[in-house]
Amino acid sequence: MTASDPVESVRAYHQRTKHRFEGYAAGPDFMDWSTQPDPFRRFAGAEPIPLPLTAATEPGSYPELFQPGCLPARPLSLDSLALLLELSFGLSAWKAAGGDRWALRCNPSSGNLHPTEAYVAAGSGVIGLESGLYHYQSHDHVLERRCRSELPFAGVMLGLSSIHWREAWKYGERAFRYCQHDVGHALGALRYAAALLGWRMELLEDWGDDDIAALLGIDRTAEFPAGEGEAPDLLCRLVIPQGQDDPACPIDRILAAVGSGDWAGQANALSGKHRHHWAAIEEVHQACFKPRPAHQALTPSPTQEPAAHGHLPFPSPSGRTWPEGPDEGRDHPVPGPQSADHGAERSLPEGIGFYISSQAHEHQPLSPREKGRGEGLERSTFSANSSKHQRIGPHPKSLSRRERDLGRYPCPAEEGLDSTTLPPLPPLAVDHRAAELILQRRSAQAFDGVTALAARSFYRILDACLARPDSPPFDAWPYPARVHLLLFVHRVEGLRPGLYLLARRPSAPEELKTVMRPEFLWSAVDGCPEHLPLYHLVGANAQRAAIQLSCHQQIAGASAFSLGMLAEFDSALKQGPWMYRRLFWECGLIGQCLYLEAEAAGMRGTGIGCFFDDAVHELAGLAGTTWQSLYHFTIGGPVTDDRLQTLPPYGHLKRAR
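What comes next concerns the included structure.

Reading the values: rules and limits
- Residues numbered from 1 in each chain as written.
- Predicted model: local features only at pLDDT ≥ 70, side-chain atom pairs only at ≥ 80, totals over all residues.
- Heavy atoms only, no water.
- Pairing = 2+ DSSP bridges.
- Helix = DSSP H or I, 4+ residues; strand = E, 2+ residues; numbered from the N terminus.
- Axes fitted to C-alpha atoms, helices over the stretch in contact; angles between N-to-C directions.
- Polar contact = N/O pair within 3.5 Å; in protein donor to acceptor, adjacent residues only side chain to side chain.
- Contact = heavy atoms within 4.5 Å.
- Disulfide = S-S within 2.5 Å.
- Buried < 20%, exposed > 50% of the residue type's maximum accessible area, 1.4 Å probe, protein only.
- Parallel < 35°, antiparallel > 145°, perpendicular 65-115°, else oblique.
- Left-handed = near helix turned anticlockwise from the far one by under 90°.
- Nonpolar A, V, L, I, M, F, W, Y, C, P; charged D, E, K, R; others polar.
- Phe/Tyr/Trp six-rings, centres within 6.5 Å; stacked < 30°, edge-to-face > 60°.
- Lys NZ or Arg CZ within 6 Å of the ring centre and 35° of its normal.
- Core = buried A, V, L, I, M, F, W, Y, C linked by side-chain atoms within 4.5 Å.

1. What to know about the sheet that holds strand β4 (residues 100–105)
Right, so step 1: Spatially, β4-β3-β21 is the arrangement adopted by the three strands of the open sheet, whose pairing is antiparallel. The open sheet has two free edges, formed respectively by β4 and β21 (645–647), since each of these has just one partner strand. Taken pair by pair, the neighbouring strands of this sheet meet at an average axis angle of 30°, ignoring direction.
Right, so step 2: In the sheet, strand β3 (residues 91–97) pairs with β4 via six bridges, with the strands oriented antiparallel. Counted as the bridge partner of Ala96 is Arg101 from β4.

As structure tokens, this is what we get:
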């Protein structure tokens, strides 16, 4: 993968790492368990600061997170930071089966590999915590002091980084995508936890990648094993109502303080050896480099080893497959065997696509692929007065409603939803404690294929995916909504099975109508709340197509509904190649919202990163790269594996007993 223009490099990577019917993106063809990465990063020689564990007794309710001002702001202290980290990056449980034991965390991760690392930059005014830079180590729930320094600001900034090797070990070249998903999930997890403390969060986009790397100390390459460095992702600050903060402190003053600070700690080796080098990940990482706005060259500290912009010493992963086994987190199966370049040639039973009936004995294919064995979406039964169907745009009865809806969402700068016009989220059937809901979140490994979701709960889940001011998680997102949901509805009470679209930006429906299949109805959904921009595209049995499109995973069809996240790809890249990462972050934010809302509805969710990219586009009638599907998700009634034992998250710590 070579391209001199960073945007073209990003495009080349995205095309190269698409899964296709004839072959999967390059990845391992079997797993070398002797090189499985350690899921916990530790810094030997860094002073550990134990944190209290209080989430189990935290009383705030989940609905209160979405009521601005309902939860009083906690003082910024070591104790409150401990709760924030426990409910965002801490362990949620241990699972055991036979002689195996593995940890689950509050932030979900592809294959439970957890490439995302969290850092705390503490300035003045944090009760019980000295100023400096700390790494959060979740296994022992401690802060590891990396740098002693009087940082010239008040309050706390939180930084995230990614260890790409952790994902590449299992997923090969596509791993960069999954790391970005995880960053979005992690940002969402932080935002929900901050809301429980009465805090807000602000993403600091004025910081460039080099700035973040210098602040977090991950540019100190001598302190990290070869091939296991960390890539800078994002920096955000906690906003404490009536609190003390200093957001205007110049970046260079802060970097000068950490550059002259007293550093300690050597990162542990995650794997004993690396066999291959996934050059495509390093190339796209460098292509996605984000400079500081009006970027000024940084002068490296004498104690640091300068590196090229965005360059990290990447691993040499081995190429192998992942057998079936216990695995929590968003599972992205790696089909095998695969070649080193484009994956093995694999045949797929024909049948992707679906039919839309005009008469009982006539079928018009919506996919150019020939159908076989009746697979794909099968037209559901229509009433007698619905024997013929054609594209008619919005139903005449609903046209004024849709126009009125769009009028209620006047487009501000950059076409973001004017969320001030949205009504509050509807109440839940059960008012869960927020901490309880966060700690019980799991990725379902299987669904029962029977449980239906109440329409009221379905609309609540979709409603929560729209941005509201001072409401997690999207109030921490500084960009307009660029990701919309293509829904495969299977078992939602009162809704006809089929394809639907939830628009998260006002003008998106009109744009999509011009490029999606002309057979789509774009009709209103009876019983749908007036403010919810949900469109019915076609009534059909969508289960088989959902399964096939999601790399033949039954969870996509045995659920109540599944979805693909359609992103405004080309328009985002016009802003800069670094927007590629942010599109995935937005998908991860939506995914974190879906996870918690599924739990609140008594269901369970699972993110799906393994899907046939262009087959999804073909199904929807999308050509080119204006729109790209970047992430899938599914929600349903989970199947419980009684063979697994669940253990408390911190039972191994003396202070937790």
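From this point, things continue past the structure.
2. Quick notes on the side chain of His141
Right, so step 1: Mapped onto the elements of the fold, His141 is located in the loop between β6 (132–137) and β7 (142–148).
Right, so step 2: Here the side chain of His141 touches Tyr136 through a polar contact of 2.7 Å, side chain to side chain.
Right, so step 3: Setting aside chain neighbours within four positions, we find His141 in contact with Pro50, Leu51, Pro52, Leu53, Ala82, Glu86, Tyr136, Tyr650, Leu653 and Arg655.

3. Some points on the state of the cysteines
Right, so step 1: Within this structure, the stated rule accounts for one disulfide.
Right, so step 2: A sulfur-sulfur separation of 2.2 Å characterises the disulfide bridge that pairs Cys551 with Cys610. Taking the sign of the S-S torsion, -90° for the link of Cys551 and Cys610, the bridge is left-handed. You can see Cys551 sitting in the loop between α12 (543–549) and β18 (561–568) and its partner Cys610 sitting in the loop between β19 (604–608) and α15 (613–620), a full 59 residues away along the chain. One exposure class covers both Cys551 and Cys610, and it is buried.

4. Comments concerning the environment of Leu196
Right, so step 1: Turning to its location among the elements, Leu196 is positioned in helix α4 (residues 175–196).
Right, so step 2: Considering only alpha carbons, one finds Leu196 and Phe66, 130 residues apart in sequence, at a separation of 9.6 Å.
Right, so step 3: Setting aside residues up to four positions removed in sequence, Leu196 forms contacts with Glu58, Gly60, Leu65, Leu71, Arg74, Leu87, Ala434 and Ala435.

5. Remarks on the packing of helix α10 (residues 455–464) against helix α14 (residues 579–600)
Right, so step 1: Contact pair α10 / α14: the axes reach a minimum separation of 9 Å and the direction vectors enclose 150°. Judged by the angle between their axes, α10 and α14 are roughly antiparallel. With respect to the hand of their crossing, α10 and α14 are arranged in right-handed fashion. Contacts between α10 and α14 involve Arg460, Ile461 and Ala464 from the former and Cys593, Leu594 and Glu597 from the latter.
Right, so step 2: When its residues are assigned to classes, the contact of α10 with α14 shows four nonpolar, no polar and two charged.

6. Comments concerning the sheet that holds strand β16 (residues 498–502)
Right, so step 1: A sheet is described by the order of its strands in space; here six strands give the open sequence β17-β16-β15-β18-β20-β19, paired in antiparallel fashion. In the strand order of this sheet, the two ends are held by β17 (534–539) and β19, each with one partner. Recorded for the sheet is a direction-independent mean angle of 25° between the axes of neighbouring strands.
Right, so step 2: Relative to strand β20 (residues 627–636), β19 is paired through five bridges, and the arrangement is antiparallel. Within β20, the residue paired with Thr606 across the bridge is Thr634.
Right, so step 3: Strand contacts of α14: β15 (483–489), β18, β19 and β20, with the helix running at about 15° to β20, the strand carrying the most contacts.

7. Section: the packing of aromatic side chains
Right, so step 1: If you walk through the whole model with that rule in mind, you get 17 aromatic pairs.
Right, so step 2: With a centroid separation of 5.1 Å and 80° between ring planes, the pair formed by Tyr62 and Phe66 is classed as edge-to-face.
Right, so step 3: Take Tyr62: its relative accessible area is 0%, and that puts it in the buried class.
Right, so step 4: Given the relative accessible area of 13%, Phe66 is considered buried.
Right, so step 5: Within the aromatic cluster, the residues linked to one another by ring pairs are Tyr13, Phe176, Phe569, Tyr580 and Phe584.
Right, so step 6: When the ring centre of Phe611 is taken as origin, the NZ or CZ atom of Arg174, which lies over that ring, is 5.0 Å away.
Right, so step 7: One Lys or Arg, Arg441, reaches over the ring of Tyr595 and ends 4.7 Å from the middle of that ring.

8. Examining unusual backbone geometry
Right, so step 1: Residue Pro473 is bonded to the preceding Pro472 through a cis peptide linkage, with omega at -5°.
Right, so step 2: Position of Pro473 relative to the elements: it lies in the loop between α10 and β15.
Right, so step 3: Positive phi values are uncommon outside glycine, yet His141 reaches one of about 50°.
Right, so step 4: With a relative accessible area of 0%, His141 lands in the buried category.
Right, so step 5: Not every positive phi belongs to a glycine, and Asp470 is a case in point at roughly 60°.
Right, so step 6: Residue placement: Asp470 occurs in the loop between α10 and β15.
Right, so step 7: For Asp470, a relative accessible area of 37% puts it in the partly exposed group.

9. Looking at α15
Right, so step 1: Of all eight residues that make up α15, six are buried, and the element is covered over most of its length.
Right, so step 2: At its buried positions, α15 is contacted by α4, β15, α12 and β20.
Right, so step 3: Gly621 sits one or two residues past α15 and shows a positive phi near 85°.

10. Comments concerning the nonpolar core
The nonpolar side chains of a soluble globular protein tend to be buried with one another.
Right, so step 1: Core analysis: the biggest nonpolar cluster contains 167 residues, and Phe458 and Leu487 have the highest contact counts within it.
Right, so step 2: It is α14 that provides the largest number of residues to this core, a total of 14 residues.
Right, so step 3: By size, the runner-up hydrophobic cluster in this structure holds 27 residues, among which are Ala121, Leu133, Ile218 and Leu255.

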